[in-house]
Amino acid sequence: MNNQFSFADGLRYDFFNHFEEIKNEWKELLPPGHHLASNDMLALELSKPEDIEFKYLNLYENEEWIGVVYLQEFVFSQKHYNKKVFQQKYVKLFKCLIERQKINLMICGNLFRVNFQGFYFKEKSNKEKVFKFLSAYRDNNKKTKNFCGMLVKDCSREFDTRFIDSCQYKPFRQDLTMELDIWEQWNSYQDYINSLSRKYRQRANKINKTSSILSLKELDANEIQEHKSKINELYLSIVNKQNIALGILNENYFIEMKKLLKEDFKVFAYLHKDDLVGFSSHIYYPNKRKMEIHYIGFDEVSNHEYSIYFQLLFDGLKAAIDGKFLKIELGRTAREAKASLGAKACENFNYIWVKPGLARLTFNFISNWFEQTMGENWQSRSPFKELEN
């Protein structure tokens, strides 16, 4: 087989280019309902995002099938970062060296999801072997890809520091997501409002009143298709403001997600009269009693006038309460806004390898700058009465 590669200690991997090639056999290996056998992965692949190729690896030891790996091969270029990154005193020194570069990165996991570990082993004791397989894959592709960095994303547990150092990886701790636990006593959105301190209750009521001029409409599959260009435009208006965007979706993504996830994926439109000025997408995990506010988008002028962003957070919370979910995942960005809703930070265990030389030096500078720009004000937010001093 030309998609097979053997290396030290009786280890071997077979790789495949399409989810449909491995979907059925992965379902046999993985626990029921496991995310690596879900249609989420197929929807993303079928949407064909630019600059990303997908690889699916079967892992073997002494000819025994021991696990699987999901990879995204990502080409990072100047369209994926905000130019103000190079306005920083030290980072600008590297501008002329990297601004026109295309950098190959290997992601074990899913750039577009949280809590989406990209590997699975039948025996937990084999988990550390993932780094051997990834290094072998990197080395085997030096001539065609020459990866400058590898990210092992959303690991379910923390690996031993000395072991990680021996593999030449480093923990990447800047990746926090915001989650909100749904209180047992919240039987309605109004119960949530009543649990807020006076300051935050008044603020929430003001936002609800300001945005009341907008109408909220759930879009079916045909309507998502009809409005795909506008949805993509609104999505890109958010992406283009980010300092760094590791991957950019296209208009086909929301169509494929709705087609394959059906009622577990919903898109809601915010309409001013007949104009689509914002949208929010939700993913539901009924078996886990959890939901996620997925990708969003809005017109900047309309957001300023009608507080669309805060309203879509409140509407997501309302959906979580009405759906009897226990937790709502709010994502990585705008931590201060989400903390004011009552969300708390949740650390993800990520590990990164960066090629020695310019790539590693540049990554260290940009990583430090990124961490500083996040700020810490969000950490002191306590919107609930019970948490007041």
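So, here is what we can say about the structure in this document. (Residues numbered from 1 in each chain as written. Predicted model: local features only at pLDDT ≥ 70, side-chain atom pairs only at ≥ 80, totals over all residues. Heavy atoms only, no water.)

**Structural notes on helix α4 (residues 130–140)**
Across the 11 residues of α4, 8 count as buried, placing the element largely inside the fold. Considered for burial, the residues of α4 that qualify are V130, F131, F133, L134, S135, A136, Y137 and R138. (Buried < 20%, exposed > 50% of the residue type's maximum accessible area, 1.4 Å probe, protein only. Helix = DSSP H or I, 4+ residues; strand = E, 2+ residues; numbered from the N terminus.)

**Quick word on the environment of Y189**
On the secondary structure map, Y189 appears in helix α6 (residues 189–195). In this structure, the C-alpha to C-alpha distance between Y189 and A320, residues 131 residues apart in sequence, is 9.3 Å. Within polar-contact distance, the side chain of Y189 engages the side chain of N208 at 3.0 Å. (Polar contact = N/O pair within 3.5 Å; in protein donor to acceptor, adjacent residues only side chain to side chain.)

**A look at the packing of aromatic side chains**
Two measures describe an aromatic ring pair: the distance that separates the ring centres and the angle between the ring planes. Evaluated as defined, the whole model comprises 34 aromatic pairs. A centroid spacing of 5.6 Å and a plane angle of 55° characterise the contact between Y13 and Y137, whose relative ring orientation is tilted. Here Y13 is found in strand β2 (residues 11–16), whereas its partner Y137 is found in helix α4, with 124 residues between them in sequence. There is no split in this pair, since Y13 and Y137 are both buried. Judged by centre distance (5.1 Å) and plane angle (90°), the rings of W186 and Y192 are edge-to-face. A relative accessible area of 4% means that W186 is categorised as buried. The side chain of R157 reaches across the aromatic face of F159, ending 4.8 Å from its centre. Between K288 and the ring centre of Y285, over which it is positioned, the NZ or CZ distance is 5.8 Å. (Phe/Tyr/Trp six-rings, centres within 6.5 Å; stacked < 30°, edge-to-face > 60°. Lys NZ or Arg CZ within 6 Å of the ring centre and 35° of its normal.)

**So, the layout of surface pockets**
In this structure, the second largest pocket occupies an estimated 960 Å³ of space. Listed by contribution, the elements that provide at least two residues to the lining of the second largest pocket are α1 (19–29), α2 (39–47), β7 (149–155), α10 (252–261), β12 (275–285), β13 (290–298) and β15 (344–347). The element contributing the most residues to the lining of the second largest pocket is β12, with 3 residues. In terms of residue class, the lining of the second largest pocket is made up of 15 nonpolar, 10 polar and 11 charged. (1 Å grid on protein atoms, 1.4 Å probe; cavity = no way out; pocket = protein on both sides within 12 Å on 5 of 7 lines; lining within 4 Å. Points joined across faces, edges and corners; volume = space filled by probe spheres on them. Nonpolar A, V, L, I, M, F, W, Y, C, P; charged D, E, K, R; others polar.)

**Considerations on helix α12 (residues 308–322)**
Here α12 contains 15 residues, and its C-alpha end-to-end distance of 21 Å stays within 8% of the 21 Å for a straight helix at 1.5 Å per residue. Counting buried positions along α12 yields 12 of 15 residues, so the element is predominantly enclosed. Taken together, the buried positions of α12 are I308, Y309, Q311, L312, L313, F314, D315, G316, L317, A319, A320 and I321. (Expected span 1.5 Å × (residues − 1).)

**Details of the pattern of salt bridges**
Taken as a whole, this structure holds 24 salt bridges when the rule is applied. Of the charged contacts in the structure, one is a salt bridge between E73 and K145, with a shortest N-O distance of 3.2 Å. Placement of E73 in strand β4 (residues 64–76) and of K145 in the loop between α4 and β7 is noted, with a sequence separation of 72 residues between them. In terms of burial, E73 and K145 fall into one category: buried. Linked by salt bridges that have partners in common, E53, K55, E73 and K145 make up one network. (Salt bridge = Lys/Arg side-chain N within 4 Å of Asp/Glu carboxyl O.)

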